[in-house]
Amino acid sequence: MSELSSPHGSWPSPISAGDVARGVHRMSFPSVVGDEIWWEEERPEEGGRSTVMRRDADGTVTELLRAPWGAGTRVHEYGGRSYLPVPRRDDKALTRMGIVFANAEDQRLYLLERDSATPTPLTPEPDRPAALRYADPALSADGKQVLCVREEHVDGEVRRSVVAVPLSGRGAGDPAAVRELAAGADFYASPVPSPNGQRLAYVRWNHPRMPWDGTELRVGRLDGAGLSGEVTLKGGVDESVLSPTWVDEDTLYLASDWPGFWNLYQAGVTGQAMALYPAEEEFHAPPGRLGHRSFAVLDSGKVVVLHGNADLAPGVYDPDTLELTPVATEFTSWSQVDSDGHGVVAIAASAVRPQCLVRLHPESGRVEVLRESLALPSPSTAQGPLRGGVGHPQQTPTARHSLPDPAYLPVPEHVTLPGRYGSPVHANVYRPTHPTASAEEPAPFVVWVHGGPVSHASHELDLTKAYFTSRGIGVVDVNHGGSTGYGRSYRKRVHKEWGVVDVEDAAAAARALVDRGVADPKRLAIRGPSAGGFTALLSLTGDTFACGVSYFGVADLLGLVETTHDFESRFLDSLVGTLPGFVETYRERSPINRIGDIDVPVLLLQGTDDRVVTPDQAFAMATALGNRGVPYALLEFEGEAHGFRAAASRVRALEAELAFYARVFGFEPDVAPLTLATAPPAPRPEPEATEDAEASGDVTDAGGAGGADAAAEDAGDGEKNAVEGPETEGTGNAGTGAAPAAASDRIEEGSASSSVATDDGGTAD
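Residues numbered from 1 in each chain as written. Predicted model: local features only at pLDDT ≥ 70, side-chain atom pairs only at ≥ 80, totals over all residues. Heavy atoms only, no water.

Caption draft 1: The arrangement of the overall build of the protein chain in detail. Per the secondary structure count, the protein chain includes eleven helices and 45 strands. Looking at the 765 residues of the protein chain, the share that counts as buried comes to 65%. In the structure as shown, the protein chain presents an accessible area of about 26,300 Å², 49% of it carried by carbon and sulfur atoms. (Helix = DSSP H or I, 4+ residues; strand = E, 2+ residues; numbered from the N terminus. Buried < 20%, exposed > 50% of the residue type's maximum accessible area, 1.4 Å probe, protein only. Areas by Shrake-Rupley, 256 points an atom, 1.4 Å probe, with all protein chains shown as cover.)

The following block contains the structure:
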């Protein structure tokens, strides 16, 4: 096929924003018991609702929760694991697996029996909506209770504890039946009972630390009266301990970053903990969301582990030989391992393979793909109409993917670039990729900054990147100082330096590509979600970038301290400094106070229901830019929170981003043009105060984060945390043909027909 010479940005691409927005049904938190497997799965075409799926021994896949039911927890706002398979006895004394799940709408725990028509509530109805939340469930040794983290929102205060919820349902009508086992700390995670049920281990930490800064592993005796004799086995203010897992009645495995990386440790209920396999690599993913696990103990005594840097790969550790045997696999990005002692399941992906649910056979090393997250319709795999509801679950085909031609998918090049004072900067470079189109001059490039900022970018296939690279726009995904995956010292580079190190590393990555002749120095952009949006906005005060895109980014650090949620309310103590001593630093590093240094166009995208980075931040930024006459567009998405979940929202955001680059870089896009304003948006009335607003807050997750970083991983991606958030920001084009919104436009969630202004002064419906 002859090559087509075409300007960068205008290359014809088969990847629409709708493919990106609706095509991926992200999966998370797989569980396995015998031949049955469960997992959570997103439904972007249903406003981002998450459901629980089950795969039976014969390969039949069943959706267990139908709308309006949905699985999702808002503990810590970023949530995490929200369901658990539980054994139940039927009238013939046969064990059949049901599920316990946190319902996204009201946050109560429910039990759904096998083939039951209606979920049964297990926890009491709170005084205010979503004021009692539950996450990270584990089954008690006798199978009669679920142990989990509870979060209470009362009179504007947040309180957390570890509780035991009876599966009998008594707790729904009698709040006293939900027993509190551990309380007093600010945060809890990973409650796990010992095999004989006589001990309980859990992780806790307190403000101002975050879980990657310092946590404690606690163990106590568990009986009918509660928990007693608690002791700290490992951890402290400068050691992050994660995911305790019982090996026997007296021994736990865990991950600790005491040596500088999250390594695997063994700890007895007495005696000193010891490292099992010391190595300068990570053996656990960052703890942005509750319930993530990166290792699983088998009945044979061996341990399936995930290890590496930003991307983790599987291996099998043998405690008898002290050897770690890698598992050869086509997948490069693994996460969320689970095992029943025999079978092992996980989530895996690569640069050219979408996120998949896989089963790993440890003895042979064979990896079996059970389900793919990419759900682009094709004639051979299109699903029929949905049927039934709870109790009449839909059986769906396992094969349902239709990848774009691999010739349009960019392959990441991992590079280590020189940063400030010679410090390394890790990045993944995605060059423009097309089977027939080309251009002779250096390409426009967009620097991507992940959320977090304590998170990371991985090599996982992301159709959002392909949406741009297949049109001739390059992407460089930067793991700046402060990112996870490269050890504690690299993570701590951002301590007291957020807004400095990340900004310098992003600019260094862009300059390095220019020096190599890959990127056009006059067509450089920067974009990011949440904390990444903060970095993007602050980077525009320099002279490196021609424009910037902020997805629900932080503009005012002091405003963030006053309005953000409890989980991250003290995060800035470590990122910037403690108040009031560092108040001037907060002001100096806030993009809202650096408007005089910004002279390039800015695109702001914001959810109106965001409780993490509240909408007033984006609006204030738009107002300040307009007052100076700096071109900008503000797109606000009704009903969206910290990360965009609805397919229509993702469509609008992604098409607007492409149109924005087209306007700045000077090419013809295949989407409607975007209007930029140079006057401030109209003032808005002060919102009415609501009692305990945080009790009704919501974020994606999602995004990951992310994370995040998927939400906080998907739109950014999703496995993400803190200011980071899930990165399910803008991905989208549902093929609706609707024009991107204009400056300061408000878009209703799920709406594909909002009337918006275009460059010719008309409207697009």
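Don't stop here, the text continues.
Caption draft 2: Inspection of helix α11 (residues 647-665) at higher detail. Between its first and last C-alpha atoms α11 spans 27 Å; for 19 residues at 1.5 Å apiece the expected length is 27 Å, and the two agree. The buried count for α11 comes to 17 of 19 residues, which makes it a mostly enclosed element. In the stretch just after α11, G666 is the one whose phi turns positive, near 85°. (Expected span 1.5 Å × (residues − 1).)

Caption draft 3: Structural detail: the confidence of the model for the protein chain. Averaged over the protein chain, the pLDDT score is 86; the fraction of residues at 70 or greater is 85%. Counting contacts from residues 690-741, a segment whose pLDDT is below 50, to residues more than four positions away or on other chains yields 328 contacts. (pLDDT = per-residue confidence, 0-100. Contact = heavy atoms within 4.5 Å.)

Caption draft 4: Examining the pattern of salt bridges more closely. The full count for this structure, using the stated rule, is 43 salt bridges. Residue E239 is joined to K234 by a salt bridge in which the shortest nitrogen-to-oxygen separation is 2.9 Å. According to the relative accessible area criterion, E239 is buried, its value standing at 6%. (Salt bridge = Lys/Arg side-chain N within 4 Å of Asp/Glu carboxyl O.)

Caption draft 5: Molecular detail of unusual backbone geometry. Between H207 and the following residue, P208, the backbone shows a cis peptide bond with an omega angle of 5°. Relative to the assigned elements, P208 resides in the loop between β15 (199-205) and β16 (216-223). Its identity is not glycine, yet A130 carries a phi of approximately 60°, on the positive side. Structurally, A130 is set in the loop between β9 (120-121) and β10 (132-139). Backbone geometry places S190, a non-glycine residue, at a positive phi of 55°. Topologically, S190 is positioned in strand β14 (residues 187-193). For S190, a relative accessible area of 10% puts it in the buried group.

Caption draft 6: Spatial organisation of the side chain of D520. With respect to the element layout, D520 can be found in strand β36 (residues 519-529). Within polar-contact distance, the side chain of D520 engages the backbone nitrogen of K522 at 2.9 Å. There is a polar contact of 2.8 Å between the side chain of D520 and the side chain of R523. In this view, D520 contacts P442, A443 and V514; residues no more than four positions away in its chain are not counted. (Polar contact = N/O pair within 3.5 Å; in protein donor to acceptor, adjacent residues only side chain to side chain.)

Caption draft 7: Highlighting the pairing of strand β35 (residues 474-479). With six of six residues buried, β35 is to be regarded as a mostly interior element. Both faces of β35 are covered, namely the face carrying G474, V476 and V478 and the face carrying V475, D477 and N479. Looking at chain direction, strand β32 (residues 424-430) and β35 are connected through five bridges and run antiparallel. Residue pairing for β35: N428 is matched across the bridge by D477. Two elements, strand β34 (residues 443-449) and β35, share five bridges in a ladder whose sense is parallel. Bridge pairing in β35 places V449 opposite V478. The parallel pair β34 and β35 is bridged by helix α3 (residues 463-469), and the resulting crossover is right-handed. (Pairing = 2+ DSSP bridges. Right-handed = clockwise from strand over helix to strand, strands pointing away.)

Caption draft 8: A look at the sheet that holds strand β19 (residues 251-256). As summarised here, the arrangement of the four strands in space is β18-β19-β20-β21, forming an open sheet in which the pairing is antiparallel. Each edge of the open sheet carries a strand with a single partner, namely β18 (241-248) and β21 (274-275).

Caption draft 9: Local environment of helix α10 (residues 615-628). Here α10 is 14 residues long and its end C-alpha atoms lie 21 Å apart, about the 20 Å a rise of 1.5 Å per residue gives. Among the residues of α10, those classed as buried are P615, Q617, A618, F619, M621, A622, A624, L625 and G626. Looking at the buried side of α10, the elements it contacts are α6 (531-539), α7 (557-563), β38 (602-607) and β39 (632-638).

Caption draft 10: How the structure looks around the environment of D19. Relative to the helices and strands, D19 is located in helix α1 (residues 17-23). Put simply, D19 and L374 are 355 residues apart on the chain and 9.2 Å apart in space, counted from C-alpha to C-alpha.

Caption draft 11: Quick peek at the side chain of K234. Turning to its location among the elements, K234 is positioned in strand β17 (residues 226-235). You can call K234 buried: its relative accessible area is 12%. The contacts of K234, once residues within four sequence positions are left out, are T215, E216, L217, E239, V241, L254, S256, W258, Y265 and A273.

Caption draft 12: Quick look at the nonpolar core. Ranked by internal contacts, the top residues of the largest apolar core, which has 43 residues, are Y188, L200, W498, L557, L572, L575 and V576. Those elements that provide at least two residues to this core are β11 (145-154), β12 (157-166), β13 (179-183), β14, β15, α6, α7 and α8 (571-575). By residue number, the principal contributor to this core is β15, which donates four residues. Leave out the neighbours within four places in its chain, and V576 touches K496, W498, L557, F582, T585, Y586 and R589. (Core = buried A, V, L, I, M, F, W, Y, C linked by side-chain atoms within 4.5 Å.)

Caption draft 13: Region of interest: the sheet that holds strand β23 (residues 303-308). Read from one edge of the open sheet, four strands run β22-β23-β24-β25, paired in antiparallel fashion. Each edge of the open sheet is held by one strand with a lone partner, namely β22 (295-297) and β25 (323-326). The average angle at which neighbouring strand axes cross in this sheet is 30°, direction not considered. Here β22 pairs with β23 via three bridges, running antiparallel. Among the inter-strand pairings, F295 is bridged to a residue of β23, identified as V305. (Axes fitted to C-alpha atoms, helices over the stretch in contact; angles between N-to-C directions.)

Caption draft 14: How the structure looks around the packing of aromatic side chains. All chains considered together, the criterion is met by 21 aromatic pairs. The side chain of R81 reaches across the aromatic face of Y83, ending 5.1 Å from its centre. (Phe/Tyr/Trp six-rings, centres within 6.5 Å; stacked < 30°, edge-to-face > 60°. Lys NZ or Arg CZ within 6 Å of the ring centre and 35° of its normal.)

Caption draft 15: Representation of the pairing of strand β2 (residues 27-33). The element β2 is largely enclosed, with a buried count of six among its seven residues. Pairing of β2 with strand β3 (residues 36-43) involves five bridges; the strand directions are antiparallel. Bridge assignment links V33 to a residue of β3, and that residue is E36. The hairpin formed by β2 and β3 contains two residues between the paired strands, and G34 there has a positive phi angle of roughly 65°.

Caption draft 16: Spatial organisation of the environment of G308. The topology assignment puts G308 in strand β23. Placed 177 residues apart in sequence, G308 and G485 show a C-alpha to C-alpha distance of 7.5 Å. Among all residues touching G308, those that are not within four sequence positions of it are E281, E282 and G485.

Caption draft 17: Here's a closer look at the environment of L604. Summarising the element assignment, L604 is placed in strand β38. Taking relative accessible area as the criterion, L604 reaches 2% and is therefore assigned buried. Measuring from C-alpha to C-alpha, the distance between L604 and E636 comes to 8.2 Å, with 32 residues separating the pair along the chain. Apart from the residues lying within four places of it in its own chain, the contact partners of L604 are L537, S550, A618, M621, A622, L625, A633, L634 and L635.

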